[in-house]
Amino acid sequence: MEITAEKIMQQLSAGTQVAGVIAVFGEEGYYKDKIAAALPRAVFGDAALEDREITVFERDTDIKEVSAAVNTYPFFSGRSLVIIKDEKLWGGKDGGEKRKQQQEELAELLADVPEHCQVLLLGEKIDKRGKLYKSLLKTAAMVECKSLKSYQLKPRLRCAAAVLIMKRHKRSWNICR
């Protein structure tokens, strides 16, 4: 299912149930960073940092390692978070038959993610014609972070300026909604 970045941020901050797989892609890094920062808090709540089981895959990812991370029950917190940043694995860069095979295996793996695991896919591009995208569209929350338009910049800059002012004066008001 496709969902906007603002909507997923509202769900994460409210603590409501989100899809077991969240795929965040697009050119706008602001939303990707905000979602990546908010997700551990939503998954683990107030669990201590050392009790959180977070696995990050950045380069040369082996599907078997991803499968082990997703399907292994977490020992301390009862929840786990798997972050896949490997653009070659799920992104739009052409890698031939090997990439297609990996994407099919990944699609099969992500079609049935256990309750104890949350998966976050982060990347720039995804081939919307491919099997992986079509499979994820059925089960995952697909968040496309498009570039901001000029009319969207003013509220964002106003919010950022207000946050800096509050930090300078050591106040903690929630002014950016």
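Here, the structure is the one placed above.
In what follows, the accompanying structure is described. (Residues numbered from 1 in each chain as written. Predicted model: local features only at pLDDT ≥ 70, side-chain atom pairs only at ≥ 80, totals over all residues. Heavy atoms only, no water.)

1. What about the overall build of the protein chain?
Next up, step 1: When helices and strands are tallied, the protein chain shows seven helices and six strands.
Next up, step 2: For 177 residues, the compact-globule formula gives about 16 Å, and the C-alpha radius of gyration of the protein chain, at 17 Å, lands near that figure.
Next up, step 3: Overall size of the protein chain, expressed as C-alpha extent along the three principal axes, is 55 × 40 × 25 Å.
Next up, step 4: Put simply, the protein chain shows about 11300 Å² of open surface, and 50% of that area lies on carbon and sulfur atoms.
Next up, step 5: Here the protein chain carries 30 positive and 25 negative side-chain charges, and the mean point of each set is 10 Å from the other. (Helix = DSSP H or I, 4+ residues; strand = E, 2+ residues; numbered from the N terminus. Rg over C-alpha atoms; globule rule 2.2 N^0.38 Å. Areas by Shrake-Rupley, 256 points an atom, 1.4 Å probe, with all protein chains shown as cover. Lys, Arg positive; Asp, Glu negative; His and termini not counted. Charge placed at Lys NZ, Arg CZ, Asp CG, Glu CD.)

2. Description of the packing of aromatic side chains
Next up, step 1: Under the criterion given, the structure shown has two aromatic pairs.
Next up, step 2: When the ring of F25 is compared with that of Y133, the centres are 6.4 Å apart and the planes differ by 85 degrees; the resulting orientation is edge-to-face. Of this pair, F25 sits in strand β2 (residues 21-26) while Y133 sits in helix α6 (residues 131-139); the two residues are 108 residues apart in sequence, bridging distant segments of the chain. The same class applies to F25 and to Y133, which are both buried.
Next up, step 3: Seen from their ring centres, Y30 and Y31 are 5.3 Å apart, and the 65 degrees between their planes marks the pair as edge-to-face. (Phe/Tyr/Trp six-rings, centres within 6.5 Å; stacked < 30°, edge-to-face > 60°. Buried < 20%, exposed > 50% of the residue type's maximum accessible area, 1.4 Å probe, protein only.)

3. Re the packing of helix α3 (residues 63-71) against helix α5 (residues 96-110)
Next up, step 1: The N-to-C vectors of α3 and α5 enclose an angle of 10 degrees; their axes lie 10 Å apart at closest approach. Taken together, α3 and α5 sit at an angle that is classed as roughly parallel. Where α3 abuts α5, its residues I63, V66, S67, V70 and N71 lie against Q102, E105, L106 and L109.
Next up, step 2: Across the contact of α3 with α5, the residue classes tally to five nonpolar, three polar and one charged. (Axes fitted to C-alpha atoms, helices over the stretch in contact; angles between N-to-C directions. Parallel < 35°, antiparallel > 145°, perpendicular 65-115°, else oblique. Contact = heavy atoms within 4.5 Å. Nonpolar A, V, L, I, M, F, W, Y, C, P; charged D, E, K, R; others polar.)

4. Thoughts on the sheet that holds β2
Next up, step 1: Reading across the sheet, the six strands line up as β1-β6-β2-β5-β4-β3 and stay open at both edges, with parallel pairing between neighbours. The outermost strands of the open sheet, each flanked by one partner alone, are β1 (2-3) and β3 (53-57).
Next up, step 2: Note: β2 against strand β5 (residues 117-123), five bridges, orientation parallel. Across the sheet, residue A23 finds its bridge partner in β5, namely L121.
Next up, step 3: Here helix α2 (residues 29-44) sits on the sheet and contacts β2, β3, β4 (80-84), β5 and β6 (141-145); the angle it forms with β5, its principal contact strand, is near 170 degrees. (Pairing = 2+ DSSP bridges.)

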